[in-house]
Amino acid sequence: LSQYDAILAFDADWTKIPDRSVEVLEKWVAEQAGGFLMVSGTVEMPKWVARSASGTRALTLRSLSPVVLDQRGSSLLAAGRVEAVSPWPLSITPDGMQTDFMWLSDDAQTSGQLWGDFDGVYSYYAAYELKPGAKALALFSDPSAAVDGQSPIYIASQFYGAGRVVFLGGG
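A brief look at the structure comes next.

**Let's talk about the overall build of the chain**
Thinking step 1. For the chain, the helix and strand inventory stands at six helices and eight strands.
Thinking step 2. Compactness check: the chain gives a C-alpha radius of gyration of 16 Å against a globular reference of 16 Å for 171 residues, within 12% of the reference.
Thinking step 3. The principal-axis extents of the C-alpha atoms in the chain amount to approximately 45 × 40 × 25 Å.
Thinking step 4. Scored against the burial criterion, the 171 residues of the chain give a buried share of 43%.
Thinking step 5. Carbon and sulfur atoms make up 53% of the accessible area of the chain, which amounts to about 8,700 Å² in all.
Thinking step 6. Distance between charge centres in the chain, computed from 12 positive and 19 negative side chains, equals 10 Å.

**Quick word on the sheet that holds strand β2 (residues 35-39)**
Thinking step 1. Strands sit in the order β1-β2-β8-β7-β6-β4 across an open sheet of six strands; the sheet is mixed. Pairing within the sheet leaves two strands with one partner each, and these edge strands are β1 (6-10) and β4 (90-92). This sheet shows a mean twist of 15° between the axes of neighbouring strands, independent of strand direction.
Thinking step 2. In the sheet, β2 pairs with strand β8 (residues 163-168) via five bridges, with the strands oriented parallel. Residue pairing across strands places Gly-35 opposite Arg-164, the latter belonging to β8.

**Topic: the pattern of salt bridges**
When their charged atoms lie close together, side chains carrying opposite charge are able to pair.
Thinking step 1. Here the structure, examined in full by the defined rule, presents three salt bridges.
Thinking step 2. In this structure, the salt-bridge partner of Asp-13 is Lys-16, at a minimum N-O distance of 3.3 Å.

**Topic: the pairing of strand β7 (residues 153-160)**
The two faces of the sheet receive side chains in turn, since in a regular strand these alternate between them.
Thinking step 1. Burial analysis of β7 places seven of its eight residues in the buried class, the great majority of the element.
Thinking step 2. Summarising the sheet, strand β6 (residues 135-140) and β7 pair through four bridges and their orientation is antiparallel. By the bridge assignment for β7, Ala-136 is matched with Ala-156.
Thinking step 3. Looking at chain direction, β7 and β8 are connected through six bridges and run antiparallel. Following the sheet pairing, Gln-158 is matched in β8 by Val-165.
Thinking step 4. Joining the antiparallel neighbours β7 and β8 is a turn of two residues, in which Gly-161 adopts a positive phi near 60°.

**As for a nonpolar patch on the surface**
Thinking step 1. Residues Leu-1, Tyr-4 and Val-24 make up a contiguous nonpolar surface patch of about 250 Å² in total accessible area.
Thinking step 2. Within the secondary structure, Tyr-4 is located in the segment before β1.

**Description of the environment of Leu-137**
Thinking step 1. With respect to the helices and strands, Leu-137 occurs in strand β6.
Thinking step 2. The class for Leu-137 is buried, based on a relative accessible area of 1%.
Thinking step 3. Here the alpha-carbon distance between Leu-137 and Tyr-154, two residues 17 residues apart in the chain, equals 7.6 Å.
Thinking step 4. With sequence-adjacent residues up to four places away left out, Leu-137 is seen in contact with Ser-91, Ile-92, Thr-93, Asp-95, Gly-96, Thr-99, Phe-101, Met-102, Ile-155, Ala-156 and Ser-157.

**As for the packing of aromatic side chains**
Thinking step 1. Applying the stated criterion across every chain yields a total of four aromatic pairs.
Thinking step 2. Ring geometry for Tyr-125 versus Phe-167: centroids 6.4 Å apart, planes at 70°, classification edge-to-face. Here Tyr-125 is found in the loop between β5 (121-123) and β6, whereas its partner Phe-167 is found in strand β8, with 42 residues between them in sequence. Phe-167 shares its class with Tyr-125; the two are buried.

**Remarks on unusual backbone geometry**
Thinking step 1. At Asp-11, a residue that is not glycine, the phi angle is positive and equals roughly 45°.
Thinking step 2. Within the secondary structure, Asp-11 is located in the loop between β1 and α1 (19-32).
Thinking step 3. Assessed through its relative accessible area of 17%, Asp-11 is described here as buried.
Thinking step 4. Positive phi values are uncommon outside glycine, yet Asp-148 reaches one of about 50°.
Thinking step 5. Secondary-structure assignment places Asp-148 in the loop between β6 and β7.

What counts and how
- Residues numbered from 1 in each chain as written.
- Predicted model: local features only at pLDDT ≥ 70, side-chain atom pairs only at ≥ 80, totals over all residues.
- Heavy atoms only, no water.
- Helix = DSSP H or I, 4+ residues; strand = E, 2+ residues; numbered from the N terminus.
- Rg over C-alpha atoms; globule rule 2.2 N^0.38 Å.
- Buried < 20%, exposed > 50% of the residue type's maximum accessible area, 1.4 Å probe, protein only.
- Areas by Shrake-Rupley, 256 points an atom, 1.4 Å probe, with all protein chains shown as cover.
- Lys, Arg positive; Asp, Glu negative; His and termini not counted.
- Charge placed at Lys NZ, Arg CZ, Asp CG, Glu CD.
- Pairing = 2+ DSSP bridges.
- Axes fitted to C-alpha atoms, helices over the stretch in contact; angles between N-to-C directions.
- Salt bridge = Lys/Arg side-chain N within 4 Å of Asp/Glu carboxyl O.
- Patch = residues over 30% accessible without salt bridge, like charges linked within 9 Å, V, L, I, M, F, W, Y side chains within 5 Å.
- Contact = heavy atoms within 4.5 Å.
- Phe/Tyr/Trp six-rings, centres within 6.5 Å; stacked < 30°, edge-to-face > 60°.

Here is the structure:
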């Protein structure tokens, strides 16, 4: 992995990745400053989260994630609440506006205006809780998706050892 800067995992079926490979990924992020983008989806993410509540692979992936990955995602999928009928804009948090990889232009103010022009997204993964040290950068703004007043976290980031992990709540 040392020849790469980042690994992008789009709705990966982690049940098919050997435990040892996930351990190597975690070590690479933590010790070699790797970047890891975990993109959730409506196909594989709820399956592996629900099926692999324990075990080395699941525990390692959960430790890498900046959000708490629990089985609420699979229950919301069954309830049909992972997709909206119309697009909902992302609510960019103050931390998101200060994070330069979230900028859509050369400055935060113009980026905020551009984000405001974005129609939004139709789906989300039901992640409502940040890990200690993680920052929510964007929230899914549909009020019907909120649980106890908390909107789903759509983009979150955390430093993990020497590296960085970003969670994206949909593809």
